[in-house]
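This is what each chain is made of:
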Amino acid sequence: GAGVSQSPSNKVTEKGKDVELRCDPISGHTALYWYRQRLGQGLEFLIYFQGNSAPDKSGLPSDRFSAERTGESVSTLTIQRTQQEDSAVYLCASSRETATEAFFGQGTRLTVV
Amino acid sequence: GESVGLHLPTLSVQEGDNSIINCAYSNSASDYFIWYKQESGKGPQFIIDIRSNMDKRQGQRVTVLLNKTVKHLSLQIAATQPGDSAVYFCAEMGGSWGKLQFGAGTQVVVTP
């Protein structure tokens, strides 16, 4: 596709359920980021994939959060046993290797009720 | 840990005036400093970057200034337009790892 695609665009889930968010980066982009953005807040770094290197997971807030990436393509962010404080927009971005210009998807708005 | 932060959470600017958005950073090892713009309901969009060995860079209607002495970054927008209303984030990238780290953001509101 022409840009970064995220799905679903909106997700409402019950507290305690697991959710899986998907990101399709721009073809050829080796770098992929996940960020969390709470309402009216900044971008909280979660995890960073760069090519075949081990991902930087330093931003994951707890062991309920995990992410995978298949080669240099699709990534999934999984949140287990969701809590209300997990409610936020989850943004994915991709870029060419070490490029300063990252391209963002529209985000997945997660609401935990 | 080291982080990037902003001075002003909200900036109100009259249409046609120049805007100045400020950012303080603490990581002297960053190679690049970048500005992103986020319009309501959208993901952030790249505006301009500056390498750490430069102090000024100009784009279309935008200028980024870097003052390494006081660890300060600013974005100047000339002749601000209604379409410039958005949240502006500064970000930094450094080291061989190349990870983008974002600051807190400034809401710019352009008034007629």
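The shown structure was predicted, so the numbers you read here are calculated from the model rather than taken from an experiment.

### Comments concerning the overall build of chain A
A tally of regular secondary structure across chain A gives zero helices and 10 strands. Counted from the first residue to the last, chain A has its helices and strands arranged as β-β-β-β-β-β-β-β-β-β. A compact globule built from 113 residues would reach a C-alpha radius of gyration of about 13 Å, and chain A, at 13 Å, matches this within 12%. If you line up chain A on its principal axes, its C-alpha atoms span 35 × 25 × 25 Å. Looking at chain A as a whole, 50% of its 113 residues are labelled buried. A separation threshold of at least 6 residues defines the contact pool for chain A, and within that pool the share at least 24 residues apart is 54%. Accessible area of chain A: about 5,500 Å², with a carbon and sulfur share of 43%. Across chain A, the mean location of the 12 positive side-chain charges is 5 Å away from that of the 13 negative side-chain charges.

### Some details on the interface of chain B and chain A
Listed by partner, the interface residues are 21 residues for chain B and 23 residues for chain A. Taking both sides of the interface into account, the surface hidden between chain B and chain A amounts to around 1,600 Å²; carbon and sulfur atoms contribute 59%. At the surface where chain B touches chain A, the tally comes to one salt bridge. For Asp56(A), the salt bridge is made with Lys99(B), and the minimal N-O distance between the two is 2.9 Å. At the boundary of chain B with chain A, the tally comes to eight residue pairs in polar contact (both at pLDDT 80 or more).

### Here's the deal with the packing of aromatic side chains
Summed over all chains, the structure comprises 11 aromatic pairs over all chains. Between the aromatic rings of Tyr35(A) and Phe45(A), the centroid separation amounts to 6.1 Å while the plane-to-plane angle is 70 degrees, which identifies the pairing as edge-to-face. Of this pair, Tyr35(A) sits in strand β4 (residues 31–37) while Phe45(A) sits in strand β5 (residues 44–50), and the two are 10 residues apart along the sequence. Judged by relative accessible area, Tyr35(A) falls into the buried class, the value being 1%. Between Tyr25(B) and Phe33(B), the aromatic rings sit 4.3 Å apart at their centres with planes inclined by 40 degrees, giving tilted as the arrangement. In this structure an aromatic cluster arises from ring pairing among Tyr33(A), Tyr35(A), Phe45(A), Tyr48(A), Phe104(A), Tyr36(B), Phe46(B), Phe89(B) and Phe102(B).

Definitions and limits used
- Residues numbered from 1 in each chain as written.
- Chains lettered and ligands numbered in written order.
- Predicted model: local features only at pLDDT ≥ 70, side-chain atom pairs only at ≥ 80, totals over all residues.
- Heavy atoms only, no water.
- Helix = DSSP H or I, 4+ residues; strand = E, 2+ residues; numbered from the N terminus.
- Rg over C-alpha atoms; globule rule 2.2 N^0.38 Å.
- Buried < 20%, exposed > 50% of the residue type's maximum accessible area, 1.4 Å probe, protein only.
- Contact = heavy atoms within 4.5 Å.
- Areas by Shrake-Rupley, 256 points an atom, 1.4 Å probe, with all protein chains shown as cover.
- Lys, Arg positive; Asp, Glu negative; His and termini not counted.
- Charge placed at Lys NZ, Arg CZ, Asp CG, Glu CD.
- Buried area = accessible area lost by both parts, 1.4 Å probe.
- Salt bridge = Lys/Arg side-chain N within 4 Å of Asp/Glu carboxyl O.
- Polar contact = N/O pair within 3.5 Å; in protein donor to acceptor, adjacent residues only side chain to side chain.
- Phe/Tyr/Trp six-rings, centres within 6.5 Å; stacked < 30°, edge-to-face > 60°.

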